[in-house]
Amino acid sequence: MNIPTSKKPRVVIIGGGFAGIAISKKLRNKNVQVVLIDKHNYHTFQPLLYQVATGGLEAGSIAYPIRKVIQEYNDFFFRLTSVKEIDTKNQTIISEIGDLNYDYLIIATGSKTNYFGNKEIERYSMSMKTIPQSLNIRSLILENFEQAVLTTNEADRNTLINFVLVGAGPTGVELAGALAEMKKAILQKDYPDLDIDKMEINLIQSGDRILNTMSEKSSQAAEKFLLDLGVKIWKNVRVTNYDGRTISTNTDLSFDSATVIWTAGVQGAKIPGLDAKSLVEKVERIRVNQYNQVVGYSNVFAIGDICSMESEDYPQGHPMMAQPAIQQGKLLGENLIKLIHKKPMTPFEYNDKGSMATIGRNLAVVDLPHYHFSGIFAWFVWMFVHLFSLIGFKNKAVVFLNWVYNYIRFDREGRLIIRPFKKKSFITFTSDEV
């Protein structure tokens, strides 16, 4: 990897997400050599991916160059690659561009979409964990509408303009609200030759309520907001298969849709090489102790979505969200310096600052530790928190100006097919339809 040798302890961080960036900032100009590795050269602000997918923001406004984050850090290096394996015996990571030894290893690889072993759903549905995936969704949505205006078959046309979102967590709820607003104010103007009233937005949840990680009050408020926007909510329904056109469920319900977005679950983005006892099966997270040390290792740590720190309050680990990742990254940065200097480390305690979700214009729900509220004030709180959390002044300014413009004009000018996404169509056009 062409990293210079150093007498300082070498810390290798795998992943430039919320956790990886947080610990990188804490290790700035400390007496260590740091190598940060990621398969992208930018940090992604994942909470706003749905706005890229629905044309509200351009991808560049929620991405920030990793090299710019660390450009003033001494003895700090970035390498663009994917790590294929961890050799803990030789304290080496094996990547696509070469091997690298470490003294301390930090695994902050985040999470990926969990299809629960269903290969057909994985093949035909869309996921939304990265910027490229969000751009693919945006292109597919617009391409399906362009295709819908070409077909004279009503069933095919309806299938092309119907949407199914599987999973009613924050991502599914926010995406459903954004699509409903597009239907209400934009698509009917862009496609006057289509009957947009026939467009359906179906939100499927396997449990008995949406936003089940939030309070009952917020869940009920969000459901009312979505129903008022015209979203169809199906609870206690589990998707069993999808063949590219028809969704099957564990009930008598089925849905025809060319755009199925899977937000029903996530699992850790693990890297081979750790002892099996360190892994939590099914969710593929890494077991860590209260100092984020991987179980069975003294110099290997895991932070963020990939780790599972089991406790009395969090028997299945902390929620896979930004706040636990940031807090763990910050504390581990301090603890690592203590460990190097043979000082006692501080155990991690999660400070739950609350959770929130936006449904649409003037509509959001917010859960604070002792207070729950919804509506326009919650919407302003949601905007402020997300703006404040973005990295880089330019990104903050661009996102704010986009939101102001979209609010005044009730428009989303990012609905561009910049990079076409080709998906095998279920429609075969006859000569008189072209």
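The structure reproduced in this document is the subject of the present report. (Residues numbered from 1 in each chain as written. Predicted model: local features only at pLDDT ≥ 70, side-chain atom pairs only at ≥ 80, totals over all residues. Heavy atoms only, no water.)

1. Quick notes on the nonpolar core
Core analysis: the biggest nonpolar cluster contains 95 residues, and Val11, Leu48, Ile106, Phe145, Leu226 and Val365 have the highest contact counts within it. When residues no more than four places from it in sequence are discounted, the contact partners of isoleucine 106 are Val11, Val12, Ile13, Ile14, Ile23, Phe301, Ile303, Leu332 and Leu336. By size, the runner-up hydrophobic cluster in this structure holds 28 residues, among which are Met1, Ile3, Tyr102 and Ile271. (Core = buried A, V, L, I, M, F, W, Y, C linked by side-chain atoms within 4.5 Å. Buried < 20%, exposed > 50% of the residue type's maximum accessible area, 1.4 Å probe, protein only. Contact = heavy atoms within 4.5 Å.)

2. Description of the packing of aromatic side chains
Counted by the stated rule, this structure contains 14 aromatic pairs. Taken together, the aromatic side chains of Phe145, Phe163 and Tyr191 make up a single cluster linked through ring pairs. Sitting over the face of the ring of tyrosine 407, arginine 361 holds its NZ or CZ atom 3.9 Å from the ring centroid. When the ring centre of phenylalanine 410 is taken as reference, the NZ or CZ atom of arginine 361 above it lies at 4.4 Å. (Phe/Tyr/Trp six-rings, centres within 6.5 Å; stacked < 30°, edge-to-face > 60°. Lys NZ or Arg CZ within 6 Å of the ring centre and 35° of its normal.)

3. What about helix α10 (residues 376–389)?
With 14 residues, α10 should cover 20 Å at 1.5 Å per step; its first-to-last C-alpha distance of 20 Å lies within 8% of that length. Of the surrounding elements, those touching the buried residues of α10 are α2 (49–53), α7 (170–190), β23 (355–360), β24 (363–368), β25 (371–374) and α11 (393–409). (Helix = DSSP H or I, 4+ residues; strand = E, 2+ residues; numbered from the N terminus. Expected span 1.5 Å × (residues − 1).)

4. Some details on helix α5 (residues 131–148)
Helix length check: α5, at 18 residues, gives a terminal C-alpha distance of 26 Å against a target of 26 Å (1.5 Å per residue), a fit within 8%. Across the 18 residues of α5, 15 count as buried, placing the element largely inside the fold.

5. Focus on the pairing of strand β14 (residues 239–242)
Where β14 lies against strand β15 (residues 246–249), three bridges are found, and the strand directions are antiparallel. Each bridged residue has a counterpart across the sheet, and for asparagine 241 the counterpart in β15 is serine 248. Between the end of β14 and the start of β15, which pair antiparallel, lie three residues, with glycine 244 showing a positive phi angle near 105 degrees. (Pairing = 2+ DSSP bridges.)

6. A few points about the packing of helix α1 (residues 18–26) against helix α9 (residues 322–340)
For the pair α1 and α9, interaxial distance at closest approach is 7 Å and the crossing angle is 30 degrees. By the angle class used here, α1 and α9 are roughly parallel. Crossing of α1 against α9: the hand is right-handed. Mapping the contact onto sequence places Phe18, Ala19, Ala22, Ile23 and Lys26 in α1 and Ala322, Ala325, Ile326, Gly329, Lys330, Leu332, Gly333 and Glu334 in α9. For the contact of α1 with α9, a count of residues per class yields eight nonpolar, two polar and three charged. (Axes fitted to C-alpha atoms, helices over the stretch in contact; angles between N-to-C directions. Parallel < 35°, antiparallel > 145°, perpendicular 65-115°, else oblique. Left-handed = near helix turned anticlockwise from the far one by under 90°. Nonpolar A, V, L, I, M, F, W, Y, C, P; charged D, E, K, R; others polar.)

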